[in-house]
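Residue-level structure breakdown
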Amino acid sequence: MKYDVLFVHPQNYGNLQTYLKLPSLELCQISAVLNQNGYSNKLVDCFIDGRDIQELDNMLPIESPRIVLIYCSEYNHINALHTAYYLAQRYPNALIGILGMIVTFIPEYLLKRYPFIDFVLLGNADYVIKDILERDNKLSCCQDIKNVCYKCGGKIINNGMNYNYSLNDLPTSNRELYDLKKYHFHSPEAIVRSSRGCPSHCAFCNKTAYSPLMVESMKNFFSEIDILIKNGFNQFFFADDTFAFTYYRLLEFCDYYRNHNYSFRWTSNLRLNDITDELISKMKENGAYRVFIGIETLNHKSCELVDKTQNILDLESRIDILKKHKMEFHASLIVGNPGDTIEDLEHTSKFIRKIQPTLATFNTIKVYPGTPLYDNPDQYGILAEDMMWFENPDWNKRPMIYTKDLSPEQIAFYSRKMMVDMLI
Ligand code: SF4
């Protein structure tokens, strides 16, 4: 069969292969738009089984697709580029495109450096592939298509980002693009989201630059959940950057959940400042069992420096609310946050041990393209072995970003120590 579009989700780096196995919601949404418009598409998923594209060569269509679109993240960046190179040789007449949270902010660099890539999708690019196909794959006719950067006539053209549609205009995401049985086997908890973007503007986070805050109706959100329930999932991770960002939004969810007799369990991201007795009680009554909280640092000045709008002085009382309602919580911290010192890390370690979260992650500092930290490292005291750390798969073995207050060795040491301290 000849496909209009071939999607490829490359494998993660070797030591990250057992990390969360989550499909790309972006590819599922683009696939749904293509299906709605009569364009055939399929996915070759190298990610779920941890296979190289060459090993899955027999899964590739014999006839060339018109477009190949490759999902790229910090966990597979170099694998995605190798995949793009391999498929450009295999399908010389196809356009080769790439999408992801990092590549969105470095499209010109990628197009200059990697001649086998034809275009890079920028931010929410739900309709771009359909629009390119409608122009018969002629990038010279794509001047009016936003959210794409491409090569044309020896030049690189960046059309910038713009969103003039609502999430409710989109067809229900095609979750069956991925082999859901394989994902269910890996975990009965599926990822789903009801919004994109975040109302906060933390200087280390690229979510706000990637997408403005857009929400979809509960009806649409639950239609996607229904598909996943039919496929055997009974637990969900709401991957909204922050799910219950207003009490009103949570009430909308709870009304729909109760009125339609749902009983699934769910977990979501939640900002520290949004935790109130009322909100957590409501979440708990309506299926929530755990929240993921990006605390990042206990240093109030550091929070201010990186525009993390949370009142760290309230932290203990907010945690008490979670405990009162027996809400599990996953605390996420950044080791090497700008402004943090060894004393801050020692204090954090003791504090985390005291509050005993259900889970904790201690991520070493990274700087993401598209963020103030990446654009103005000096302002935040950021130092780097390599600002393009994501092009070196070793980034997950040793810190490549550090600060004027904390060396890479200290950051590596404390990320391990904090985990050990919490467990003993
Ligand atoms: S609250 Fe979380 S998702 Fe929102 S900008 Fe800050 S780090 Fe990013």
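Residues numbered from 1 in each chain as written. Predicted model: local features only at pLDDT ≥ 70, side-chain atom pairs only at ≥ 80, totals over all residues. Heavy atoms only, no water.

Our working definition: UniProt positions are given in the numbering used here, feature names are shortened, and annotations may be inferred rather than shown by experiment.
With an unreviewed UniProt entry as reference, the protein chain is termed Radical SAM protein, source organism Faecalibacterium prausnitzii. The UniProt entry for the protein chain carries the following comment under Cofactor (unreviewed entry): "[4Fe-4S] cluster".

Topic: the domain arrangement of the protein chain
Threshold: All the domain ranges listed were derived from an automatic or database domain assignment. Here, residues are in contact when the closest pair of their heavy atoms is within 4.5 Å. Once two parts are joined, some of their accessible surface, as seen by a 1.4 Å probe, is lost; buried area is that loss totalled over both. The term salt bridge refers to a side-chain nitrogen of Lys or Arg lying within 4 Å of a carboxyl oxygen of Asp or Glu. Pairing of N or O atoms within 3.5 Å defines a polar contact, subject to two protein rules: one partner must be a possible hydrogen donor and the other a possible acceptor, and residues neighboring in sequence count only if both atoms are side-chain atoms.
Here the domain parsing of the protein chain yields domain 1 (5–158) and domain 2 (188–423). Taking the mean C-alpha position of each, domain 1 and domain 2 sit 28 Å from one another. Counting residues at the interface gives 25 residues for domain 1 and 22 residues for domain 2. Here domain 1 packs against domain 2, burying approximately 2200 Å² in sum over the two surfaces, 62% of which is carbon and sulfur. Among the salt bridges present, the one from Glu-26 reaches Arg-193, with a minimum N-O distance of 3.6 Å. Taken together, domain 1 and domain 2 are joined by 8 residue pairs in polar contact (both at pLDDT 80 or more).

Quick notes on the nonpolar core
Convention followed: As used in this record, nonpolar core signifies buried Ala, Val, Leu, Ile, Met, Phe, Trp, Tyr and Cys residues forming a set joined through side-chain atoms within 4.5 Å. Relative accessibility under 20% of the residue-type maximum defines a buried residue, over 50% an exposed one, and the middle range a partly exposed one, all with a 1.4 Å probe and only protein chains included. The way it works is that DSSP assigns letters per residue, a run of H or I at least four long becomes a helix, a run of E at least two long becomes a strand, and they are numbered from the N terminus.
Among the nonpolar cores identified, the biggest contains 135 residues, and Phe-253 and Trp-266 are the most heavily contacted of them. At 6 residues, the largest contribution of residues to this core is made by helix H2 (residues 77–90). Both domains that meet at this core, namely domain 1 (5–158) and domain 2 (188–423), each give it at least three residues. Here Phe-253 is in contact with Met-218, Phe-221, Phe-222, Phe-238, Phe-243, Phe-264, Trp-266 and Asn-286, once residues within four sequence places are set aside. Of all hydrophobic cores here, the second largest spans 6 residues; its members include Tyr-163, Leu-167, Leu-170 and Met-214.

Concerning the sheet that holds strand E5 (residues 119–121)
Applicable threshold: Two strands qualify as a pair provided that DSSP identifies no fewer than 2 bridges between them. The angle between two axes is taken between their N-to-C directions and runs from 0 to 180 degrees, where each axis is a line fitted to C-alpha atoms and a helix contributes only its stretch in contact.
In spatial order, the strands read E2-E1-E3-E4-E5-E6-E7; together these 7 strands make up an open sheet with mixed pairing. Each end of this open sheet is capped by a strand with a single partner; those strands are strand E2 (41–45) and strand E7 (155–158). On average, each strand axis in the sheet is inclined to that of its neighbour by 20°, with strand direction left out of account. Two strands pair when backbone bridges link them, and strand E4 (residues 95–99) and E5 are joined in this way by 2 bridges, in the parallel orientation. The residue of E5 that forms the bridge with Ile-98 is Val-120. Across the sheet, helix H1 (residues 25–36) touches strand E1 (5–9), E2, strand E3 (67–71), E4 and E5, and the angle it forms with E1 is around 170°. Sheet strands touched by H2: E1, E3 and E4. Its angle to E3, the strand with the most contacts, is close to 165°.

Observations regarding the site of the ligand
Note the cut-off: If a single non-hydrogen atom of a residue is within 4 Å of a molecule or strand, that residue counts as near it. Side-chain classes follow a simple rule in which Ala, Val, Leu, Ile, Met, Phe, Trp, Tyr, Cys and Pro form the nonpolar group, Asp, Glu, Lys and Arg form the charged group, and the remainder, Gly included, forms the polar group.
In the vicinity of the ligand, the contacting residues are Cys-198, Ser-200, Cys-202, Phe-204, Cys-205, Lys-207, Thr-208, Asp-241 and Arg-271. Broken down by class, the residue content of the shell around the ligand amounts to 4 nonpolar, 2 polar and 3 charged.

Focus on the environment of Ser-223
Assignment of secondary structure puts Ser-223 in helix H7 (residues 218–230). Judged by its relative accessible area of 24%, Ser-223 is partly exposed. In this structure the C-alpha to C-alpha distance between Ser-223 and Thr-172, which are 51 residues apart in sequence, comes to 7.0 Å.

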